[in-house]
Amino acid sequence: MKVLVAMSGGVDSSVAAAELRREGHEVVGVTMRLWGGESDTGCCSVSDVDDARRVAQQLRIDHLVFNFSDDFDTHVVNPYVEAHRTGTTPNPCIECNRHLKFDRLSQRARLLGFDAVATGHHARIERQPSGVWRVIRGADAAKDQSYVVHMLDQKELAYTLFPVGHLTKAQVRERASELGLRTATKPDSQDVCFISKTGGRETFLGHRIPFRAARVVDESGTELGSVEAVEMVTIGQRRGLRLAGGAPKQFVLDVNVETRTVVVGAETSLQLSDLRAERMMWSHEPLPIGSEVMVQTSAHGATQSALIEEVSSDTVVLQWREPQRRTAPGQSVVLYDASDRAVLAGGIVA
Amino acid sequence: MNGERARLAYLDHAATTPMRETAIAAMAPYLADQFANPSGSHRFSRSARTAIDEARDDVAEVLGCAPGEVVFTSGGTEGDNAAIFGAVRRHGGVAVCSAAEHHAVLHCVEHLGGVVVAVDKHGVINVDELQLALDNVASRGERVAVVSVMAVNNEVGSITPMRDVARVVRGSAKGAVLHSDAVQAACWLDVRDIVTVTDVVSFSAHKFGGPKGMGVMVVKAGTTLEPLIMGGGQERDRRSGTLNVAGIVATAAALRSTADSRATEVVRVAELKRALVSGIMSQLPDTIETIPTSASVPGVAHLCIAGIESEALLYLLDEAGVCASAASACASGAMEPSHVLQAMGVEPRYVQGALRLSLGHTTTEHDVATAIDAIVHSVRRLRHQQ
């Protein structure tokens, strides 16, 4: 097969390319130039492109750079800013996968005559006896990234390869060392690529939207204090609220940017019995009401059992088995099968 | 490499052109036995110094200036930087350039907070706008330190009438240094005409068949610039650094050979360009020739092809053995959207499908035929699938 492998300059995609090469595929590496602004967190930087290119040279495969920075601004950066302005908590890495890696890049790959696109994600893709494609959790439970690639539909799943999904991270690093790849000991990227470590989220957003002060109130509406930027407050947050000490721990229960109000209360008040998600993408067909699913609401969070209470074309309401802490609107929620192995669907918390 | 090159249609001469045989032959002895530093005082040095002096005389003759006005540099970028920073640091005042300049000029002017003047639809500086800009600076009580206008645009190949630019600058910015980036002019125009009307001109050797890492800057007598690179003062204190003997003799040989063959090459390559452009345009609707042939150099054919993306086209062309380009690449190697086409006001749907095919001394009819086939086939494929 002729495979286009997305190479970020990290160890996983380096080994992904190496694995494909070892399997005898015709492999071309590509690094996407996504963020045109300042950055010091790694991803997209010139030094990462250098790493990707050097690895490609070592593997004797061609290496390309595609400039998708306009699409990245449109589909990832601008919505990220807009989400904060409207008081939700976005997940830009998921939007990047949705719009860049598994849309823009795979479209380009098809156009150029590639048979598949590959990435270094720790997840697996399986075709079930019924013919349905599924994303399966990666072999390394601690590094599993099925959550961030949940949006792949049948068409994209049939066109995508995750060559390191069956390996543990330790095995990936071992293979990279064996091959003498310069990325073998490179640390994992942790942060949002377009936000610098020095300035952080606050500086990034501060340059793009006006911050507005907000009242901090308790559940009965009694004013307890204020915050300088309601746009920086997230549900479940405990620190940075500038509340008087000594009192029981207070958590953000709700954020209303319109009325500029932050409601705080005890942790128990964050517990909810159900969760509503919108913009649902089912990888195959929606499950019927009453089905049991395992639910993950953050990239490395534990999964919890729930029942499907309501389901429509793009919405789902889940009834938790046990009450769960509220998830901030804007975050992604991913549904797995009852065995917690295969991705069934994903959406955005309403 | 020769075998591989024979199978490729190399149409990226504006990025770099193969070294001329005369240049390779000229530099070889100075990479081997004749290794001396020409600034020394022994016999080895004297021999190297002779080679430099002869090269400088040769270059001066081709460029139509005095040998003492020739400064050897590391390339076009250094010449551009040296002219702009050198003028501003020595004389003070405002730097002015056109919006379609190479980044080696544009980024210097922007860095200095200078004035960027609009271009016309061919990417040529609008002289009325230039006049206005110079008057504006004067009306603020400031002086113009330097005006930098490229002789030939590196992306689209349009030719600037430097005489008209000079008239405006001499009339409205007395004492200002007039600089021209003539990097893309050397192969196609009689550069003496540019040197005559300007104060400082920069050239890059690898664009005319010399080695990379070499350039020539003409600094006319009476023009003073603060040096960019200080040290031993080897180039009459206008530039320091041990002279690159091999590079300098190769540059002179390449420039001489370029000038000697220019008249016939201009005719030959213009014919190839006509065939290339008409071969493509007759088969691909919704394609524009960005600059009409009459207003551009023979070496650059720039097309804007609607309904495709340059990056995708370049990949398919590369696969088909055709080496071409779109706009300039950033440090990561990614194609940047062209500031030149934006400044020219080209419609976005055409900007997306920009394609620069640049021809040179090794281009053949076979290259042109290969390129036409590959481009037509690739564009049809991309348009069909999109």
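Residues numbered from 1 in each chain as written. Chains lettered and ligands numbered in written order. Predicted model: local features only at pLDDT ≥ 70, side-chain atom pairs only at ≥ 80, totals over all residues.

Draft legend 1. Structural view of the overall build of chain A. The helix and strand inventory of chain A stands at seven helices and 17 strands. The globule rule puts the C-alpha radius of gyration for 350 residues at 20 Å, and the 21 Å found for chain A is close to it. The dimensions of chain A, computed from C-alpha atoms along their principal axes, are 65 × 45 × 35 Å. The 350 residues of chain A split such that 45% are buried. Long-range contacts, defined here as pairs at least 24 residues apart, represent 63% of the contacts in chain A between residues at least 6 apart. (Helix = DSSP H or I, 4+ residues; strand = E, 2+ residues; numbered from the N terminus. Rg over C-alpha atoms; globule rule 2.2 N^0.38 Å. Buried ≥ 20, exposed ≤ 12 C-beta atoms within 10 Å, placed from the backbone. Contact = placed C-beta atoms within 7 Å.)

Draft legend 2. Broad picture of the overall build of chain B. When its secondary structure is counted, chain B shows 13 helices and 12 strands. In summary, chain B has a C-alpha radius of gyration of 21 Å against a globular reference of 21 Å for 386 residues, a match within 12%. Each of the three principal axes of chain B carries a C-alpha extent, and together these read 65 × 60 × 40 Å. A total of 386 residues make up chain B; the buried ones form 52% of that total.

Draft legend 3. Just the domain arrangement of chain A, in detail. Splitting chain A by domain gives domain 1 (2–178), domain 2 (210–265) and domain 3 (271–349). For domain 2 of chain A versus domain 3 of chain A, the distance between C-alpha centres works out to 27 Å. (Domains from an automatic or database assignment.)

Draft legend 4. Local environment of the nonpolar core. Counting residues in hydrophobic clusters, the biggest one holds 229 residues, and the most contacted among them are Ala17(A) and Val249(B). A per-element tally of this core places helix α9 (residues 245–281) of chain B first, with 15 residues. When sequence neighbours within four positions are dropped, the list of residues in contact with Val249(B) reads Ala26(B), Met27(B), Tyr30(B), Ala51(B) and Ala55(B). (Core = buried A, V, L, I, M, F, W, Y, C linked by C-beta atoms within 7 Å.)

Draft legend 5. The interface of chain A and chain B, seen in detail. Taken together, the contact between chain A and chain B spans 10 residues of the former and 13 residues of the latter. Of all the secondary-structure elements, those providing two or more residues to the side of chain A that touches chain B are α2 (46–59), β3 (62–67) and α4 (92–111) of chain A. Per-element accounting of the side of chain A that touches chain B gives the leading share, four residues, to β3(A). Across the side of chain A that touches chain B, the residue classes break down as seven nonpolar, one polar and two charged. (Nonpolar A, V, L, I, M, F, W, Y, C, P; charged D, E, K, R; others polar.)

Draft legend 6. Region of interest: the domain arrangement of chain B. Residues and elements named next belong to chain B. With domains assigned, chain B is organised as domain 1 (2–18 + 262–385) and domain 2 (21–257). Listed by partner, the interface residues are 24 residues for domain 1 and 23 residues for domain 2. Elements that contribute at least two residues to the side of domain 1 that touches domain 2 include exactly β10 (300–305) and α11 (339–344). The element best represented in the side of domain 1 that touches domain 2 is α11, accounting for three residues. Residue classes in the side of domain 1 that touches domain 2 are distributed as 12 nonpolar, 11 polar and one charged.

Draft legend 7. Representation of the sheet that holds β3(A). All names here are of chain A. Ordered in space as β3-β2-β1-β4-β7, the five strands form an open sheet in which the pairing is parallel. The open sheet is flanked by β3 and β7 (160–161), the only strands paired with a single partner. In this structure, strand β2 (residues 26–33) lies alongside β3, joined through six bridges in parallel fashion. The partner of glycine 29 across the bridge, within β3, is histidine 63. (Pairing = 2+ DSSP bridges.)

Draft legend 8. Spatial organisation of helix α7 (residues 162–172) of chain B. Residue and element names in this part refer to chain B. Of the positions making up α7, those classed as buried are Met162, Val165, Val168 and Val169. When α7 is viewed along its axis, its buried side chains cluster within an angular range of 125° and face the same direction. Across α7 from its buried face, at more than 90 degrees, point the exposed residues Arg163 and Gly171. Residues of α7 that are buried sit in contact with α6 (127–139), β5 (144–148), β6 (177–181) and α8 (192–197). (Arc of directions from axis to C-beta.)

Draft legend 9. A look at the packing of helix α3 (residues 43–63) of chain B against α9(B). Residues and elements named next belong to chain B. At a minimum axis separation of 9 Å, α3 and α9 run at an interaxial angle of 30°. The orientation of α3 relative to α9 falls into the category roughly parallel. Crossing of α3 over α9 shows left-handed handedness. On α9, the residues that touch Ala48, Ala51, Ile52, Ala55, Asp58, Val59 and Val62 of α3 are Val245, Ile248, Val249, Ala252, Leu255, Arg256 and Ala259. Of the residues assigned to the contact of α3 with α9, the class counts are 12 nonpolar, no polar and two charged. (Axes fitted to C-alpha atoms, helices over the stretch in contact; angles between N-to-C directions. Parallel < 35°, antiparallel > 145°, perpendicular 65-115°, else oblique. Left-handed = near helix turned anticlockwise from the far one by under 90°.)

Draft legend 10. Looking closely at the sheet that holds strand β8 (residues 214–217) of chain A. Residue and element names in this part refer to chain A. With mixed pairing, four strands are arranged side by side in an open sheet as β9-β8-β11-β10. Looking at strand neighbours, the two that pair on one side only are β9 (223–227) and β10 (251–256), the edges of this open sheet. Across the sheet, the mean angle separating the axes of adjacent strands is 25° when strand polarity is ignored. Bridge count between β10 and strand β11 (residues 261–265): five bridges; the pairing is antiparallel. Within the sheet, the bridge partner assigned to phenylalanine 251 lies in β11 and is glycine 265.

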